[in-house]
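The primary structure of each chain is shown beneath.
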Amino acid sequence: MKKVKKVEMAKKRERKLSCRRRILLATWLVGVAAVLARAYQLQVLEGDEWRAVALKQHITSNEVPGARGSIVDRDGVSLAMTRERVKVSIAPGELADRDEAIRTLQATLDLSGRDARRLTDPDRRWTVARGRYSPAVREALAGVRGVYLERELERFYPYGALARGVLGTVLDDTGLGGIEQRYEEVLRGMPGREVAAQDHQGREITGEVVRMAEPVAGGTVRLTLDMDLQEIAHQALTEALEKTGARGGDLLVTDPSTGELLALVSVMDGQPAALSAINAPYEPGSTLKPFTVAGLLSRGLATLEDSVVTAEGTWTVAGRTVSDVHVSPDMTMGDALRVSSNVGVSKAAQAFSAGQQYENLRDFGFGVETGVELPGEVGGTLLRPDRWSKQSPVSLAIGYEIGVTPLQMALAYGALANGGVLMQPRLVSEVSDAGGAVLERQRPKVVRRVITEAVARELSTVLEGVVEDGTATAARLETFRVAGKTGTSRVNTGGGYVAGRYYASFVGFFPVDDPQLVVFVKLDSPEGTYYGGTTAAPVTRAMMEGALAARQTTLDRSALVRSLRRPARMPPLGVPNRPKSTPVRFANLASPTGTRPDHGPAELELSARRAMSGSVAGQAPSEGRVSVPNVAGLSARTAVRRLHALGFRVRWEGIGAVMGTMPVAGSRLLPGDTIAVRAGSLIP
Amino acid sequence: MKSRMDVAPIRPVTLPDTGIGYGWEATVMLVATLVLLCFGLVTLYSASGFLAQSKNLPDWHYVVLQAGGAGIGLVVLWVCSRIPLGFWEDCAWPLLLAVIAMLVAIILPGTTAIAPEINGARRWLVMWGVTLQPSELAKIAIVVWTARVAVRKAGQFQSFSRGLLPLLVVWGAVLFPVLLEPDFSTACLIAVLGSLVVFAAGGRIGHFLLLGALMVPVVQAQLGVSFRANRILAFRDLAADPEGAGFQVRQSLVALGSGGPYGVGFGEGRQKFGFLPEAHNDFIFAMVGEEWGLLGVVFLLILYTTLVVVGLRIARRAPDEFSQFLAVGLIGIVGVQALLHMAVGLGLVPPTGVALPLVSYGRSNQVVTLASVGMLIAVARATDSTPGVLWPRWRRRGESRA
């Protein structure tokens, strides 16, 4: 029985233990079921929500800018381009051989030993080389373990500050000012998108970048600017500023027949990137007089032969007194313009009704934006007649109470030069996409015919007289006939006229019989002599001479040949200008006293001209051969300046510092010959 | 040489109550273990690469260390599977005392030379170039010792004063040093493993209720601390967790949830990049869930369930009560840790640092787990009465099928 009981006991215990094991197994299975259910809930039922949470914290989506498009000049020379640079980062812990890496980095990136050691410091997780390198370093560094290369795009202006005002700049991948801003949409292209994995501190994880959309490179904007002319203009203006101590200035070169801007340089308070040519209106003074006269002529209100009494030398109307420096009894309209008589022109303008005078100036484009393809253009000020004072007709006739921009002035002179048609300015000739397909082509656009060809021709003749023996003889060229008008006006800063500050300006075009260039020059507050004829006119001549020596394409050379002066050359410098080549019309001046132009009354400039006459002279390109200077190692700008100064034409090859010329330095060539300048090295 | 009979005699395939035949338990155990071990190494590579690189180490650094641990562990497994079970019964006390000695040694004030403080805790014994975590060893020691006591004192086991109380005193000697390391989760785990053996040995349910009641305030206090710590952690990293508390668990849920049914793919997980804390260790299950999805979770569950079911089967068929209780305790080492680890990762229980056996990084844990499996195989072999069942279909050379 005892044995049976023992067996009973053992069986009972066995059942108990077995029951315990089953409970344990059941517990396990319950646990497994709980885990499974919870996992199912998280991963299947709530999966999308968790994925969204995860995505938000794992992934950073970045825009990849497309390579910004280029801006090129009329000949296709790059003025603004995007180049690829390489950013070099190093993970020192991954380097296989530090010493080897230091050697490679030093050799490739041109680093000092200390910098290379710092970059490979094993205590640091991640280092970035300071510079951005040419894509050439890829070859040496790609595949080196622990060295990471990243492509970066950099905006690059091969000509540096030259034409930067027109081009603008790029800040944070966005165009700021100039063409960069105006054509942002075209230049920027389509950004691509990439998605990068990031760790909990927001650092991108190397190698975990996925390109979602490829960026599309930006298009190309072709300007009408001619970089050779721009270079010459820049140089001419810079030199003028240095010489005259002026605060700033503008120099515009346009093609009167198309309205194309060939060069645009504005310097304001030492800022070479200013755009005062389009956004800073000024009171032009005498340079506006031709338009008053043109308006009178085209409306039949006067002829050039009409005589105006200017004997008093001053004339007071509505409380405003207009005066001439040099008093002459009376003169013809033509002479009044030629010698820039305030009294003569303002008296003649009395023939206008207020509406006619306003309409005339408005027709020449004053008071409205020209529509040039640059941001920030202003239209200037031209009040409507109902807001005029009694003085206004007089002031407007001689270029006061009106704000014009240099660009408006250059275009209005273009209308005088091209036979009476106001052209729309044209700075961009063509816009094409990255593949070269043209998206937009700008044709020259006529705004309106302002005056008849006959009137335009008459005025050209008078304005030629201004250069030949008027107030602007300093702009005279030996080889071609130049027409133009000087202006000296007081500076109004908004709070009234500033004592001792003047705008000296000269607008000219040449050759007179078939004008190809209009050159506008304005200097802000030159020190010392401030007359337009002595400060601005020589700049124009320098500009024109440079253009004649250097230009290859913009000027129509065969047309120029036709416009060359007769062999009967003008008297040499120093000798008072004789009206030998002035048109016959001027011989018939209805001038009772027979006043000779250079003794006649004139605006301020005439007296100054005499003072300066010793230094104003035509400098024809020297005839003999000139030896090519050695320009190797110089910057592009300096080299071109040297060669232009000697009368050579320059063909540019490459970018960057000059390597050499072809023909080589020392060769003797004739001015006007073309020299190929080879430049550049590593830069693509 | 008598005991070295490592070739199974050929016997007809019979279909006893299990249906498949003798000796397969050990095989299944071993295969499941090896599969888990390999899967663990692969997962660890993905999980620890970022961590290693952020410490300026090669990305395979932890995998190589772990693989070394696996090598040692497999040798230990083989040795354990060959040790007769009587050895453990005899060694229960010395083993426990040795473990207690080690545990006390590492928390003494003057022993930092052999027990350095790492991450604010002194859990490791560093001697003769070997790094050892005595609290891992304590898991086996407590199981062996409790199983032995349960057998020897089977008569007094139902009593509180003569059964439970002495047991608690000895457990306390193990638990207190572990708590002082401090390593709360391991202490809990050791207590749970001991209780598991007592439960399997038929301990009174009333005792368990009492034990549970005793544990409540302790657990509460500890959870308060750990949650506070979490809050501080989350506070420091506001950007990562604007909600404030439970940063780790939340990141674990993000990992699992974003894995979806099929996972984001091996090595494609993103949570390991600093989001998931201890991605290579305490939260490696979340990594698996992210990269392999529900599929990976099911895979792990199947493997661990296989181990647990086969382990319990080995226990049932054990030749004596000691080996039966031992087997339950040993399979508990694997099962309890696995379940707890997964529950933590899923946010079912408060976060504690429990390793996923055979997968998480940690060589002591790995070796101890493999040793447990080895001892289970030893139990299975003893049951089978067919020595050398590591590979049951072996035949002696020259012998032909009967």
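Residues numbered from 1 in each chain as written. Chains lettered and ligands numbered in written order. Predicted model: local features only at pLDDT ≥ 70, side-chain atom pairs only at ≥ 80, totals over all residues. Heavy atoms only, no water.

Quick word on the overall build of chain B
Part 1 of the reasoning: Tallying secondary structure elements over chain B gives 11 helices and two strands in all.
Part 2 of the reasoning: For chain B, the N- to C-terminal ordering of α and β elements is α-α-α-β-β-α-α-α-α-α-α-α-α.
Part 3 of the reasoning: Summarising the internal contacts of chain B: among those between residues at least 6 apart in sequence, 72% fall at separations of at least 24. (Helix = DSSP H or I, 4+ residues; strand = E, 2+ residues; numbered from the N terminus. Contact = heavy atoms within 4.5 Å.)

Some thoughts on the overall build of chain A
Part 1 of the reasoning: Along the backbone of chain A there are 21 helices and 28 strands.
Part 2 of the reasoning: When contacts within chain A are restricted to residue pairs at least 6 apart in sequence, long-range pairs at least 24 apart make up 70% of them.
Part 3 of the reasoning: About 29,700 Å² of surface is accessible on chain A, with carbon and sulfur atoms providing 52% of the total. (Areas by Shrake-Rupley, 256 points an atom, 1.4 Å probe, with all protein chains shown as cover.)

A short note on the side chain of Ser429 of chain A
Residues and elements named next belong to chain A.
Part 1 of the reasoning: As for its placement among the helices and strands, Ser429 is situated in strand 18 (residues 428–432).
Part 2 of the reasoning: The class for Ser429 is buried, based on a relative accessible area of 12%.
Part 3 of the reasoning: Look past the residues within four positions of Ser429 in its chain and what remains in contact with it is Arg222, Leu223, Thr224, Glu440, Arg441 and Gln442. (Buried < 20%, exposed > 50% of the residue type's maximum accessible area, 1.4 Å probe, protein only.)

Observations regarding the packing of helix 4 (residues 134–152) of chain B against helix 6 (residues 184–200) of chain B
Residue and element names in this part refer to chain B.
Part 1 of the reasoning: It is the contact of helix 4 with helix 6, at a shortest axis distance of 9 Å, that shows an interaxial angle of 20°. Considered as vectors, helix 4 and helix 6 are oriented roughly parallel to each other. By crossing handedness, the relation of helix 4 to helix 6 is classed as right-handed. Residues Ser135, Ala138, Lys139, Ile142, Val143, Thr146 and Ala147 of helix 4 form the contact with helix 6, whose participating residues are Thr186, Leu189, Ile190, Leu193, Gly194, Val197 and Val198.
Part 2 of the reasoning: Per-class residue counts for the contact of helix 4 with helix 6 are nine nonpolar, four polar and one charged. (Axes fitted to C-alpha atoms, helices over the stretch in contact; angles between N-to-C directions. Parallel < 35°, antiparallel > 145°, perpendicular 65-115°, else oblique. Left-handed = near helix turned anticlockwise from the far one by under 90°. Nonpolar A, V, L, I, M, F, W, Y, C, P; charged D, E, K, R; others polar.)

Here's the deal with unusual backbone geometry
Part 1 of the reasoning: At the junction of Phe510 of chain A and Pro511 of chain A, the peptide bond is cis and its omega measures out at -15° in the coordinates.
Part 2 of the reasoning: Here the residue pair Glu181 of chain B and Pro182 of chain B is connected by a cis peptide bond, since its omega of 0° sits within 30 degrees of zero.
Part 3 of the reasoning: Structurally, Pro182 of chain B can be placed in the loop between helix 5 (160–180) and helix 6.
Part 4 of the reasoning: With a phi angle near 65°, Ala163 of chain A is a residue other than glycine that sits in the positive phi range.
Part 5 of the reasoning: Following the sequence through the fold, Ala163 of chain A ends up in the loop between strand 5 (147–156) and helix 6 (164–167).
Part 6 of the reasoning: Residue classification places Ala163 of chain A among the buried positions, given a relative accessible area of 6%.
Part 7 of the reasoning: In the Ramachandran plot, Leu358 of chain B falls in the positive-phi region, its phi being about 70° despite a non-glycine side chain.
Part 8 of the reasoning: In this fold, Leu358 of chain B is placed in the loop between helix 10 (321–345) and helix 11 (363–384).

Things to note about the packing of aromatic side chains
Each aromatic ring pair is described using two quantities: the centre-to-centre distance and the angle formed by the ring planes.
All names here are of chain B.
Part 1 of the reasoning: Taken as a whole and assessed by the stated rule, the structure comprises 15 aromatic pairs over all chains.
Part 2 of the reasoning: Ring geometry for Tyr62 and Tyr361: centres 5.1 Å apart, planes at 80°, overall edge-to-face. In this pair, Tyr62 is assigned in helix 2 (residues 61–82) and Tyr361 in the loop between helix 10 and helix 11, connecting sequence segments 299 residues apart. With respect to class, Tyr62 is no different from Tyr361; both count as buried. (Phe/Tyr/Trp six-rings, centres within 6.5 Å; stacked < 30°, edge-to-face > 60°.)

A closer look at the nonpolar core
Part 1 of the reasoning: Ranked by internal contacts, the top residues of the largest apolar core, which has 118 residues, are Met29, Phe285, Tyr304, Leu326 and Leu356 of chain B.
Part 2 of the reasoning: If one sorts the elements of this core by residue count, helix 9 (residues 284–316) of chain B sits on top with 17 residues.
Part 3 of the reasoning: Apart from the residues within four sequence positions on either side, Leu326 of chain B is in contact with Leu85, Val143, Val144, Ala147 and Met375 of chain B.
Part 4 of the reasoning: By size, the runner-up hydrophobic cluster in this structure holds 115 residues, among which are Val170, Tyr183, Leu297 and Leu548 of chain A. (Core = buried A, V, L, I, M, F, W, Y, C linked by side-chain atoms within 4.5 Å.)

So, helix 8 (residues 247–259) of chain B
All names here are of chain B.
Part 1 of the reasoning: Between its terminal C-alpha atoms helix 8 stretches 18 Å, which fits the 18 Å expected from 13 residues at 1.5 Å a residue.
Part 2 of the reasoning: Counted residue by residue, helix 8 has 12 buried out of 13 residues, so it is predominantly covered.
Part 3 of the reasoning: Taken together, the buried positions of helix 8 are occupied by Phe247, Gln248, Val249, Gln251, Ser252, Leu253, Val254, Ala255, Leu256, Gly257, Ser258 and Gly259.
Part 4 of the reasoning: Positive phi appears at Gly260, one or two residues downstream of helix 8, with a value of about 65°. (Expected span 1.5 Å × (residues − 1).)

Quick look at the sheet that holds strand 23 (residues 517–524) of chain A
Residues and elements named next belong to chain A.
Part 1 of the reasoning: If you walk across this open sheet you meet the five strands as 12-11-23-22-21, and the pairing is antiparallel. In this open sheet, the two edge strands, each paired with only one partner strand, are strand 12 (260–268) and strand 21 (483–492). If you compare each strand with its neighbour and ignore which way they point, the axes differ by 10° on average.
Part 2 of the reasoning: Of the pairings in the sheet, the one linking strand 22 (residues 497–510) to strand 23 comprises eight bridges and is antiparallel in character. Along strand 23, the bridge assignment pairs Ser505 with Lys522.
Part 3 of the reasoning: On top of the sheet, helix 17 (residues 453–469) reaches strand 21 and strand 22; it is set at about 75° to strand 21, its chief contact. (Pairing = 2+ DSSP bridges.)

With respect to the pairing of strand 10 (residues 220–223) of chain A
The two faces of the sheet receive side chains in turn, since in a regular strand these alternate between them.
Residue and element names in this part refer to chain A.
Part 1 of the reasoning: Here strand 10 shows a buried face lined by Val221 and Leu223 and an unburied face lined by Thr220 and Arg222.
Part 2 of the reasoning: Sheet topology note: the strand 2 (residues 71–72)/strand 10 ladder contains two bridges and is parallel. Directly across from Val72, in strand 10, lies its bridge partner Arg222.
Part 3 of the reasoning: For strand 10 and strand 18, the ladder comprises four bridges, and the chain directions are antiparallel. Residue Thr220 lies in a different strand from strand 18, and its bridge partner there is Ser432.

Brief notes about the pattern of salt bridges
Part 1 of the reasoning: One pass over the structure, following the stated rule, counts 27 salt bridges over all chains.
Part 2 of the reasoning: Here Arg103 of chain A makes a salt bridge to Glu100 of chain A, at a shortest N to O gap of 3.8 Å. With Arg103 of chain A and Glu100 of chain A both in helix 3 (residues 98–109) and three residues apart, the pair spans about one turn of that helix.
Part 3 of the reasoning: The partly exposed category is assigned to Glu100 of chain A, whose relative accessible area is 41%.
Part 4 of the reasoning: One salt bridge connects Glu89 of chain B with Arg152 of chain B, and the closest N-O pair in it is separated by 3.8 Å. Taken together, the residues span a long stretch of sequence, with Glu89 of chain B in helix 3 (residues 85–107) and Arg152 of chain B in helix 4 at a distance of 63 residues.
Part 5 of the reasoning: On the basis of relative accessible area, Arg152 of chain B is assigned to the partly exposed category, the value being 47%. (Salt bridge = Lys/Arg side-chain N within 4 Å of Asp/Glu carboxyl O.)

Side note on the environment of Glu377 of chain A
Residues and elements named next belong to chain A.
Part 1 of the reasoning: Examined against the element boundaries, Glu377 turns out to sit in the loop between helix 14 (354–363) and helix 15 (392–397).
Part 2 of the reasoning: According to the relative accessible area criterion, Glu377 is buried, its value standing at 13%.
Part 3 of the reasoning: Residues Glu377 and Ser276 lie 101 residues apart in sequence; the distance between their C-alpha atoms is 9.2 Å.
Part 4 of the reasoning: Setting aside chain neighbours within four positions, we find Glu377 in contact with Ile278, Glu369, Thr370, Gly371, Val372 and Leu407.
Part 5 of the reasoning: Among the polar contacts listed, one links the side chain of Glu377 to the side chain of Thr370, at a separation of 2.6 Å.
Part 6 of the reasoning: For Glu377, the side chain forms a polar contact with the main-chain nitrogen of Gly371, separated by 3.0 Å. (Polar contact = N/O pair within 3.5 Å; in protein donor to acceptor, adjacent residues only side chain to side chain.)

With respect to the confidence of the model for chain A
Part 1 of the reasoning: Averaged over every residue, the pLDDT of chain A is 79; the share at 70 or more is 85%.
Part 2 of the reasoning: Ignoring residues within four places in sequence, the model shows residues 567–623 of chain A, a span with pLDDT below 50, making 96 contacts including any to other chains. (pLDDT = per-residue confidence, 0-100.)

Side note on a nonpolar patch on the surface
Part 1 of the reasoning: A grouping of Val42, Tyr45, Trp60, Val64, Phe266 and Trp292 of chain B is seen on the molecular surface, where their side chains present a nonpolar patch of about 560 Å² in accessible area.
Part 2 of the reasoning: Counting through the fold element by element, Trp292 of chain B comes out in helix 9. (Patch = residues over 30% accessible without salt bridge, like charges linked within 9 Å, V, L, I, M, F, W, Y side chains within 5 Å.)

Here's the deal with a positive patch on the surface
All names here are of chain A.
Part 1 of the reasoning: Residues Arg98, Arg114, Arg117, Arg118, Arg124 and Arg130 make up a contiguous surface patch of positive charge.
Part 2 of the reasoning: Tallying contributions element by element places helix 4 (residues 113–119) first for the positive patch, with three residues.
Part 3 of the reasoning: Summarising the element assignment, Arg117 is placed in helix 4.
Part 4 of the reasoning: A residue is classified by how much of its surface remains accessible, and Arg117, at 43% relative accessible area, is partly exposed. (Lys, Arg positive; Asp, Glu negative; His and termini not counted. Charge placed at Lys NZ, Arg CZ, Asp CG, Glu CD.)

A closer look at the environment of Leu337 of chain A
All names here are of chain A.
Part 1 of the reasoning: As for its position among the elements, Leu337 is in helix 12 (residues 333–338).
Part 2 of the reasoning: Its relative accessible area of 0% is what places Leu337 among the buried residues.
Part 3 of the reasoning: The spacing of Leu337 and Pro290 is 47 residues in sequence and 6.9 Å in space, taken between C-alpha atoms.
Part 4 of the reasoning: Leaving out residues up to four positions away in the same chain, Leu337 has contacts with Lys289, Pro290, Val293, Leu459, Val462, Val466 and Lys485.

Thoughts on the environment of Tyr262 of chain B
Residue and element names in this part refer to chain B.
Part 1 of the reasoning: Looking at the secondary structure, you find Tyr262 in the loop between helix 8 and helix 9.
Part 2 of the reasoning: Given the relative accessible area of 62%, Tyr262 is considered exposed.
Part 3 of the reasoning: Taking the C-alpha atoms as reference points, Tyr262 and Leu295, 33 residues apart in sequence, are found 5.8 Å from one another.

Considering the interface of chain B and chain A
Part 1 of the reasoning: Contacts between the two partners involve 56 residues from chain B, matched on the other side by 39 residues from chain A.
Part 2 of the reasoning: Buried area between chain B and chain A, both sides added, is near 4,100 Å², and the carbon and sulfur share of it is 66%.
Part 3 of the reasoning: Residue assignment for the side of chain B that touches chain A shows that the elements contributing at least two residues are helix 1 (24–54), helix 6, helix 8, helix 9 and helix 10 of chain B.
Part 4 of the reasoning: It is helix 9 of chain B that contributes the most residues to the side of chain B that touches chain A, 15 residues altogether. (Buried area = accessible area lost by both parts, 1.4 Å probe.)

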